[in-house]
Amino acid sequence: MADRTDARRALVLFSGGQDSTACLAWALDRYAHVETIGFDYGQRHGVELECRLHVRSALHADFPRWARKLGDDHLIDLSVLGQLSDTAMTDARAIEMNAQGLPNTFVPGRNLLFFNFAAAVAYRRGLSVLVGGMCETDFSGYPDCRDNSLRALQVAISLGLDAPMTLDTPLMWLDKAQTWALAEQLGGEPLIDLVVEHTHTCYLGDRSQRHAWGYGCGLCPACDLRRKGFNTWVNS
Ligand code: ZN
């Protein structure tokens, strides 16, 4: 069979969560060379940052065809986001966010910032594709996750760098059940096991409870979405 690998080199916005892990597998399946970037802004007790390393190690160990393509990891210190969330939110807003179960480090437009930092790293590394797990379908409706926002950003970044930069969002029109199905399609049962054991989604950073769908408190909105998606996929 002819090699259908896309010769371009990609940078995946990789948080250590289920969605970005599916994106990483998708990129490794598709592109000739893939690097990862993560942002440290004091999120979720740092659990996600540990999960990132475990996911990368497991991909290296269990998926030889992907291991040879998996390049460097870049961890960017964005602790400045903590200052933004502290100063830009009123008390009422902060309470509202907490009631929704969102982390108190939430910053409006955060994904736009992430892509801009990723683009700068990609430019320096000779990478021309940025891959992110943003999704319109059943996420909380953040406007910076919407397809049109990111299409516009792709144009702005490509013009601003004077270099073509493609923003890929393979999960944009998938629901959570379809994201599980995508992982199965890309890596079979071993990738499902990897997602369950090593990825992190829970807003509370809880890894003390193991469910069929992975670790988490089981109650926060992120756990709720993940569980419902898993159950729908398993029963489909
Ligand atoms: Zn949770």
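Figured I'd write up the structure that's included with this text.

1. Here we look at a nonpolar patch on the surface
- A cluster of nonpolar residues, Leu84, Leu113 and Phe117, forms a patch on the protein surface that exposes about 230 Å² of accessible area.
- With respect to the helices, strands and loops of the structure, phenylalanine 117 is situated in helix α6 (residues 110-125).

2. Thoughts on the nonpolar core
- One finds Val12, Leu24, Leu59, Trp66, Val131, Trp180 and Leu191 to be the most contacted residues of the largest nonpolar core, which totals 41 residues.
- Put simply, the parts of the chain that give this core at least two residues each are β1 (6-13), α1 (18-30), β2 (31-40), α2 (47-62), β4 (129-131), α8 (176-198) and α9 (221-234).
- No other element matches the 10 residues that α8 contributes to this core.
- When sequence neighbours within four positions are dropped, the list of residues in contact with leucine 191 reads Ala25, Leu59, Phe63, Trp66, Ala183 and Leu186.
- Counting 25 residues, the second largest nonpolar core, distinct from the first, contains Leu13, Ile37, Cys145 and Met165.

3. Considerations on α1
- Compared with the 18 Å implied by 1.5 Å per residue over 13 residues, the 19 Å span of α1 between its first and last C-alpha is a close match.
- Burial runs high along α1: 11 of the 13 residues are buried.
- For α1, the set of buried residues is Gln18, Asp19, Ser20, Thr21, Ala22, Cys23, Leu24, Ala25, Trp26, Ala27 and Leu28.

4. With respect to the coordination of the zinc ion
- For the zinc ion, the full set of protein donor atoms is Cys202 (SG), Cys217 (SG), Cys220 (SG) and Cys223 (SG), at a range of 2.3 to 2.4 Å.
- With 4 donor atoms in place around the zinc ion and angles of 105 to 116° between them, the coordination shape is tetrahedral.

5. Some remarks on the packing of α6 against helix α7 (residues 147-161)
- Where α6 meets α7, the axes come as close as 11 Å, and the angle between the chain directions of the two elements is 35°. Considering the relative orientation of α6 and α7, their crossing is right-handed. Only Leu150, Leu153, Ile157 and Leu161 of α7 make contact with α6, whose side of the interface consists of Leu112, Phe115, Asn116, Ala119 and Tyr123.
- Partitioning the contact of α6 with α7 into residue classes produces 8 nonpolar, 1 polar and no charged.

6. Some thoughts on the packing of aromatic side chains
- Evaluation of the coordinates by the stated rule reveals 7 aromatic pairs.
- Ring geometry for tryptophan 180 versus phenylalanine 230: centroids 4.9 Å apart, planes at 75°, classification edge-to-face. Taken together, the residues tryptophan 180 in helix α8 and phenylalanine 230 in helix α9 connect sequence positions 50 residues apart.
- Given a relative accessible area of 10%, phenylalanine 230 falls into the buried group.
- An angle of 15° between the planes, with centres 5.9 Å apart, marks the rings of tryptophan 180 and tryptophan 233 as stacked. In this pair, tryptophan 180 is assigned in helix α8 and tryptophan 233 in helix α9, connecting sequence segments 53 residues apart.
- Exposure remark for tryptophan 180: the relative accessible area of 0% places this residue in the buried category.

7. Things to note about the environment of tryptophan 173
- Tracing the backbone through its elements, the reader meets tryptophan 173 in the loop between β5 (166-168) and α8.
- Once the C-alpha coordinates of tryptophan 173 and cysteine 135 are considered, the two residues, 38 residues apart in sequence, prove to be 6.3 Å apart.
- With residues up to four places along the chain from it excluded, the contact list for tryptophan 173 reads Glu136, Thr137, Asp147 and Gln178.

8. Some details on the sheet that holds β4
- With parallel pairing, 5 strands are arranged side by side in an open sheet as β3-β2-β1-β4-β5. Bordering the open sheet on either side are β3 (70-77) and β5, each of which pairs with just one other strand. Averaged over all neighbouring strand pairs, the angle between strand axes comes to 25°, with direction disregarded.
- Note: β2 against β3, 6 bridges, orientation parallel. Bridging from a neighbouring strand, isoleucine 37 pairs with histidine 74 of β3.
- Its contacts with the sheet place α1 against β1, β2, β3, β4 and β5, and it is angled at close to 155° to β2.

Parameters and conventions
- Residues numbered from 1 in each chain as written.
- Predicted model: local features only at pLDDT ≥ 70, side-chain atom pairs only at ≥ 80, totals over all residues.
- Heavy atoms only, no water.
- Patch = residues over 30% accessible without salt bridge, like charges linked within 9 Å, V, L, I, M, F, W, Y side chains within 5 Å.
- Areas by Shrake-Rupley, 256 points an atom, 1.4 Å probe, with all protein chains shown as cover.
- Salt bridge = Lys/Arg side-chain N within 4 Å of Asp/Glu carboxyl O.
- Helix = DSSP H or I, 4+ residues; strand = E, 2+ residues; numbered from the N terminus.
- Core = buried A, V, L, I, M, F, W, Y, C linked by side-chain atoms within 4.5 Å.
- Buried < 20%, exposed > 50% of the residue type's maximum accessible area, 1.4 Å probe, protein only.
- Contact = heavy atoms within 4.5 Å.
- Expected span 1.5 Å × (residues − 1).
- Donors = N, O, S within 2.8 Å, 3.2 Å for Na, K, Ca; no water.
- Tetrahedral: all angles 85-135°; square planar, octahedral: opposite > 155°, others 65-115°.
- Axes fitted to C-alpha atoms, helices over the stretch in contact; angles between N-to-C directions.
- Left-handed = near helix turned anticlockwise from the far one by under 90°.
- Nonpolar A, V, L, I, M, F, W, Y, C, P; charged D, E, K, R; others polar.
- Phe/Tyr/Trp six-rings, centres within 6.5 Å; stacked < 30°, edge-to-face > 60°.
- Pairing = 2+ DSSP bridges.

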